[in-house]
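# Structural characterization, general
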Amino acid sequence: MNAVLTIILAVQLLTAIAMVVLILLQQGKGADMGAAFGSGASGSLFGASGSANFLSRSTAVLATLFLAATLALAYFGNRPAQPGSSGSVLENHLPAPAPKPATPADQIPGAAAPAAPAAPAADNSVPAPVPAAPATGENGQATTK
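I will try to describe carefully the structure that is included in this document. In this text, all values refer to a predicted model and were calculated from it rather than measured experimentally.

Scoring rules and cut-offs
- Sequence order sets the numbering: in each chain, residues are counted from 1 along the sequence as written.
- Confidence filtering applies because this is a predicted model: local features only for residues at pLDDT of at least 70, side-chain atom pairs given and counted only at 80 or more, and all residues used for totals across whole chains, interfaces and linings.
- As a rule here, side-chain values come from all non-hydrogen atoms in the structure, and water together with hydrogens is ignored.
- Strands are runs of DSSP state E lasting at least two residues, helices are runs of H or I lasting at least four, and both sets are numbered from the N terminus onward.
- In this scheme, a residue with accessible area under 20% of its type's maximum is buried, one over 50% is exposed, and one in between is partly exposed, where area comes from a 1.4 Å probe on protein chains only.
- Pairs of residues are marked as contacts when any of their non-hydrogen atoms sit within 4.5 Å.
- To measure how exposed things are, a 1.4 Å probe is used in the Shrake-Rupley method; for residues, cover is taken only from the protein chains shown.
- Note on aromatic pairs: the rings of Phe, Tyr and Trp (six-membered ring only in Trp) are paired at centre separations within 6.5 Å, and the planes decide the class, stacked below 30 degrees, edge-to-face beyond 60, tilted for the rest.
- By definition here, a helix of n residues has an expected span of 1.5 Å times n minus one.
- For patch detection, residues must exceed 30% relative accessible area and be free of salt bridges, and they are connected within 9 Å for like charges or within 5 Å for nonpolar side chains (Val, Leu, Ile, Met, Phe, Trp, Tyr).
- Take a side-chain nitrogen of Lys or Arg and a carboxyl oxygen of Asp or Glu: if they are within 4 Å of each other, that pair is a salt bridge.
- Pairs of N or O atoms are called polar contacts if they sit within 3.5 Å, as long as, within protein, a hydrogen donor faces a hydrogen acceptor (for residues adjacent in sequence, only side-chain-to-side-chain pairs).

Within the protein one finds five helices and zero strands. Moving toward the C terminus, one meets the helices and strands of the protein in the order α-α-α-α-α. Relative to its full complement of 145 residues, the protein shows a buried share of 9%. Of all intrachain contacts in the protein linking residues separated by at least 6 positions in sequence, the fraction that spans at least 24 positions is 61%. For the protein, the exposed surface amounts to about 12200 Å²; the carbon and sulfur share of it is 67%.

Tallied over the full model, the rule gives one aromatic pair. Pairing Tyr75 with Phe76 gives two aromatic rings, centres 5.4 Å apart and planes at 65°, and the pair type is edge-to-face. Judged by its relative accessible area of 54%, Tyr75 falls in the exposed class. Of the residues examined, Phe76 reaches a relative accessible area of 24% and is grouped as partly exposed.

Further remarks concern helix H1 (residues 2-25). Relative to the 34 Å expected for 24 residues at 1.5 Å per residue, H1 spans 35 Å between its end C-alpha atoms, a close match to the ideal helical length. All of the buried residues along H1 are Ile8, Gln12, Thr15, Met19 and Leu22.

With that settled, consider a nonpolar patch on the surface. A cluster of nonpolar side chains, contributed by Leu13, Ile17, Val21 and Leu25, occupies part of the molecular surface with about 390 Å² of accessible area. Tracing the backbone shows Leu13 in helix H1.

Inspection of the secondary structure puts Thr15 in helix H1. One polar contact links the side chain of Thr15 to the main-chain carbonyl oxygen of Gln12, over a distance of 2.9 Å. Contact partners of Thr15, with chain neighbours within four places excluded, come to Leu62, Leu65 and Phe66.

As C-alpha cells, then:
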C-alpha cells in the first residue's frame, strides 16, 4: 500500500511540474496582436497555428492526470485504518492525558512544598496573647489617652 501512495505522489509531482512548464510556454491572448502588425515573433517551434493546439491539449491531459492523482491521494488518505471503523478522522485521534492540577508550590519557581503544621506543646500551655495595635487618629498618628 505504501508503494502505491509513493507512485501516485510521484505522478502528481511530475504532472504539476510539467503543467507549470507547459503553461509558461504558451502564448497569451494578446500575443497575436504583434503578428497582425508585422512582427515576426508569432512563429514558434511548433508553427504559428500548431503551437496552441499541441500545448493546450498537452496541458489538458496533464491537468486530468493531476486531478486523478489528487483524488486517488485523497481517497487513500481518508480510508479507515481499522476494518470496523467508519473512517472519521476524529475516531483515530487519541485524547490527550488530563493535566495534573497545579498546587501553589508548583506556581512559584524554586519554592518547596509547605511544611506540616507544628505539633502542639507537650505541657498544654496557653500561648501568650498578641498585643493590640495602638489606636490611630484621623491623620494616621497614634493617639494617647
